[in-house]
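Residue strings, one per chain:
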There are 2 protein chains.
Amino acid sequence: MGRKRLQESADGRPTVHTVAARAGVSIASASRVLNGVGGSPETIRKVREAAAEVGYVPNAIARSLQSQRTGLVALAVEDIGNPVYVEMMRAIESVVAASGRQLLVHATGGRIDNETALLRRLAHRYVDGMIVSPIRVTDDHLAALVDSPVPVVVVGQLPADAPVDNVRTDSRTGVGLAVDHLVAAGRRRIGFVNGPLDTVPGAARDAGFRSALARHGIALDERLVEIGDFRYAAGRAAAERLLARAEPDALVCANDLIAVGALHALLAAGRRVPDEVALVGMDDTELAQMTFPQLSSVSLGSAERGRRAAELLLQRIADASLPPRREQVAPSLAVRASSTTTPLFVPAPAEPAPAPRTPEVTA
Amino acid sequence: MGRKRLQESADGRPTVHTVAARAGVSIASASRVLNGVGGSPETIRKVREAAAEVGYVPNAIARSLQSQRTGLVALAVEDIGNPVYVEMMRAIESVVAASGRQLLVHATGGRIDNETALLRRLAHRYVDGMIVSPIRVTDDHLAALVDSPVPVVVVGQLPADAPVDNVRTDSRTGVGLAVDHLVAAGRRRIGFVNGPLDTVPGAARDAGFRSALARHGIALDERLVEIGDFRYAAGRAAAERLLARAEPDALVCANDLIAVGALHALLAAGRRVPDEVALVGMDDTELAQMTFPQLSSVSLGSAERGRRAAELLLQRIADASLPPRREQVAPSLAVRASSTTTPLFVPAPAEPAPAPRTPEVTA
DNA sequence: TGCTCTGCTGTAAACGTTTCCGGGAGTCTG
DNA sequence: CAGACTCCCGGAAACGTTTACAGCAGAGCA
């Protein structure tokens, strides 16, 4: 009985003790063989055999306690249904996997307490580090970030003096690119469908929109500005409200999900896109190329930001004494059919029938 | 020196020893107070103060080693960019969160070795259990599932005798629903855009399509069947190939991403949807309602499957001795504008203009 | 043959926590 | 006032692993 307790774990699974006893060696030797370091040929054989016989699988928790590392990295984002995070995640994944670690994703649902709780719980050593992309940042939250027990990298805006590794973009300028493009195309009644103003990206985009209009000397008609959240349904509803009271000749949307919502609001209202209303989204996700007509969109370099964040994180894991760093990714505009009267979209050659140059969305 | 080593962790962070020493109590008392069990008012005060002063945060790894549980549950899916998994994930998340645990998501990218490696690594006790939705199942894989060290629930088809908790749907029948619907609407040249046949869902859908046509006495024209993978781009390309050589009056697609790809292939080729070609997707994700026209789609109850899988998992975590269980969720068809000549799609009331009762999809 | 050096091996300590158990102080009851 | 009972406390043993250290056998060399 006593021997049994010593040799297998509480739930009856074999431990290194079980293997060692069965192989007739000490646990030290067993551990060494299992880790592929040292051991005579004979010992190696015996331990390997014993391990296979009992179906030994190491307990990663115990190993982590000893080695002080788990080999796991976490990514916390607000809405995993937003393709921008999918792209970011893929970029992070490839960097993290290359370092022999695994990536875990956690969706916070935008509930800030959730996110803070995550930091307080998950970061208590379950992971070697984490990447967070918060859309709201409170003082509390910031405090949790600053004295996190594990390295943290933030993707997104942060107060200038926050001593936290940070990869950001300039979405203010990004919105400006969209407005510049539309103004250059002759649009003047430019509307804006945004997410909540109490979020960091929402506020930045709002500021960007206003300053861009001012720069062009266009007076802002408040009826052309509408707010929902950052998802499809709210974007569509917001666009519908906007269309019910104003006649824009262009719409800038705070992200691609909103833009798709706006596109459908426009189509349902019988507006032709881009002829009557031009449309520009933001984030330039794969979704932008999945609409018809395809969506012009401001790229905020989400994959690039993800890649850089992952690299910063790995560096910090390797050397905790690094000073806090900050990197910036410049926005750029991808012009597609939704905002050009001579669309760039070329239908794939399908039938011998003369492919129409103008998309048929509203045919 | 020796005292220091005893009181704080290797990287200099406070441990329960630090707190205990500072409060002048034993580590047992400190631990009890920290866990909110027992302790005199005076002890509680001292420990709380000491903990706050040194900024103590418990090491979850050490706690897990002792308690044999981590409070984490993992979900492994192939492609996190597929909205069907997003819906499943949301459903799982809410069940898991209600039990006080956290959900971690891992994208396997469909690489089967990756998935097996995940089981072998992550499941080595980093999580209390995991939900896996594999699209390919090899013997190796199955073996790893069966003797996983932690409870596993599989979402998807599995060999009948596999002793693993399993939540499945009947996508064969699901495809049948789509075909029935199209046949009833008078369509006869029904095409099919599928994913790879060496995947479990791909094979099931293929079988479902063939048997449904046979049931209706329609001879299958192989030129109307095309295969890509389960994502948008491949779906679009596959649909383009199909359209280049055949003239379907309807298309069934193996999932919604493929369907959106097919929709754009159709629009780009100048086909009117649904007038000339009706379209039915599969999974009934939110994406189906984000297209224009909105997409008819066969629901495979992904949220329901996720919910049930989470419940099975929690039950098994609570009682490992339960016999393997198997649950099934019935498919159903959501009919929308993409497959009905008198579309169900009603534009949201936007302008005072008399809202047309017949939607403008094809106006 | 005697010495050093090399290469394995086993003992035991650590990682940071929870928890069993025994002891001591205080309170209530008879 | 004695005894039983309650409550709180501290020591120490777990949880399963890695690893520093010391011992020991054998090989090579003088």
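Our structure is the block above this text.
All of these numbers come straight from a predicted model, not from anything done at the bench. Along each chain, residues carry numbers from 1 onward, in the same order as the chain's sequence is written. Whichever chain is written first is A, and whichever ligand is written first is 1; the rest continue in order. The predicted nature of this model means local features are confined to residues of pLDDT at least 70 and side-chain atom pairs, given and counted, to a pLDDT of 80 or more, with totals for whole chains, interfaces and linings taken over all residues. Note that water and hydrogens are dropped before the side-chain values are worked out from all heavy atoms of the structure.

A. Main features of the relation of the copies chain A and chain B. Between chain A and chain B, the superposition needs a rotation of 180° and an axial shift of 0.0 Å, giving an RMSD of 0.1 Å. A rotation of that kind, with that shift, is consistent with a two-fold axis. Every residue pair with non-hydrogen atoms within 4.5 Å of one another is taken to be in contact. The share of interface residues of chain A whose copies in chain B are also at the interface is 100%, consistent with both copies meeting through the same surface. Residues below a pLDDT of 70 in either copy are left out; the C-alpha atoms of the rest, at least 70 in both, set the least-squares superposition of the copies.

B. Just the nonpolar core, in detail. One finds Ile-131 of chain A together with Ile-131 of chain B to be the most contacted residues of the largest nonpolar core, which totals 52 residues. Those residues in contact with Ile-131 of chain B that lie beyond four places of it in its chain are Ala-74, Leu-75, Ala-76, Ile-92, Val-153, Val-155, Ala-309, Ala-310 and Leu-313 of chain B. Residues enter a nonpolar core if they are buried and are Ala, Val, Leu, Ile, Met, Phe, Trp, Tyr or Cys, with the set joined through side-chain atoms within 4.5 Å. Three exposure classes are used, based on accessible area relative to the maximum for each residue type with a 1.4 Å probe and protein chains only: buried under 20%, partly exposed in between, and exposed over 50%.

C. Representation of the pairing of strand β9 (residues 278-282) of chain B in the model. Residue and element names in this part refer to chain B. Counting from the N terminus, the helices are the DSSP runs of H or I reaching at least four residues and the strands are the DSSP runs of E reaching at least two. Across the 5 residues that make up β9, a large majority, 5, are buried. As paired elements, strand β8 (residues 250-253) and β9 share 3 bridges and run parallel to each other. In the sheet register, Val-252 faces β9, and the bridge partner there is Val-280. Each parallel crossover has a hand, and for β8 linked through helix α12 (residues 256-268) to β9 it is right-handed. If DSSP finds at least two bridges between two strands, the strands pair. The path from the first strand over the helix to the second decides the hand: if it runs clockwise while the strands point away from the viewer, the crossover is right-handed.

D. Molecular detail of the protein's contact with DNA strand C. Near residues are defined by distance, with any heavy atom within 4 Å of the molecule or strand qualifying the residue. Neighbouring DNA strand C are 29 residues; Thr-43 of chain A together with Ser-9, Val-16, Ser-31 and Tyr-56 of chain B lie closest to it. Close to the protein, within 4 Å, the atoms of DNA strand C are drawn from sugar and phosphate at a rate of 61%. A 3.5 Å cut-off defines polar contacts: any pair of N or O atoms within that distance qualifies, except that in protein one atom must be a possible hydrogen donor and the other a possible acceptor, and neighbouring residues in sequence count only when both atoms are side-chain atoms. At 2.5 Å, a backbone N or O of Val-16 of chain B approaches a phosphate oxygen of DNA strand C. Note that a phosphate oxygen of DNA strand C is positioned 2.6 Å from one of the side-chain N or O atoms of Ser-31 of chain B. Elements that contribute at least two residues to the surface near DNA strand C include exactly α3 (27-34) and α5 (60-67) of chain A together with α2 (16-23), α3 (27-34) and α5 (60-67) of chain B. Amino acids outside the nonpolar list (Ala, Val, Leu, Ile, Met, Phe, Trp, Tyr, Cys, Pro) and the charged list (Asp, Glu, Lys, Arg) are all regarded as polar, and Gly is one of them. Its residues assigned to classes, the surface near DNA strand C comprises 11 nonpolar, 14 polar and 4 charged.

E. Summary view of the protein's contact with DNA strand D. Contacts to DNA strand D come from 28 residues, most closely from Ser-9, Val-16, Ser-31 and Tyr-56 of chain A together with Thr-43 of chain B. Per the 4 Å cut-off to the protein, sugar and phosphate atoms form 63% of the nearby atoms of DNA strand D. Ser-29 of chain B is positioned such that a nitrogen or oxygen atom in its side chain is 2.8 Å from a phosphate oxygen of DNA strand D. For the surface near DNA strand D, the secondary-structure elements that each account for two or more residues are α2 (16-23), α3 and α5 of chain A together with α3 and α5 of chain B. Here the surface near DNA strand D takes 4 residues from α3 of chain A, the largest share from any one element. Taken together, the residues of the surface near DNA strand D break down into 10 nonpolar, 14 polar and 4 charged.

F. Molecular detail of the interface of chain A and chain B. Opposite the 67 residues of chain A that make contact, chain B presents 68 residues. In terms of surface lost to chain B, no three residues of chain A exceed Ile-61, Tyr-126 and Met-290 of chain A, which account for 12% of the buried area on that side. Salt bridge, as used here: a side-chain nitrogen of Lys or Arg that lies within 4 Å of a carboxyl oxygen of Asp or Glu. Inspection of the chain A/chain B interface yields 2 salt bridges. In this structure, the salt-bridge partner of Asp-79 of chain A is Arg-90 of chain B, at a minimum N-O distance of 2.7 Å. In this structure, the connection of chain A to chain B is made through 11 residue pairs in polar contact (both at pLDDT 80 or more). At the level of elements, α5, α6 (83-98), β2 (102-107), α7 (112-121), α11 (232-245) and α12 (256-268) of chain A are the ones that each hand at least two residues to the side of chain A that touches chain B. With 6 residues, the top contributor of residues to the side of chain A that touches chain B is β2 of chain A. Classifying every residue of the side of chain A that touches chain B gives 35 nonpolar, 16 polar and 16 charged. Note on definitions: buried area is the accessible-area loss of two parts on being combined, 1.4 Å probe, summed for both.

Bear in mind that shape data such as this cannot, by itself, settle questions of function.
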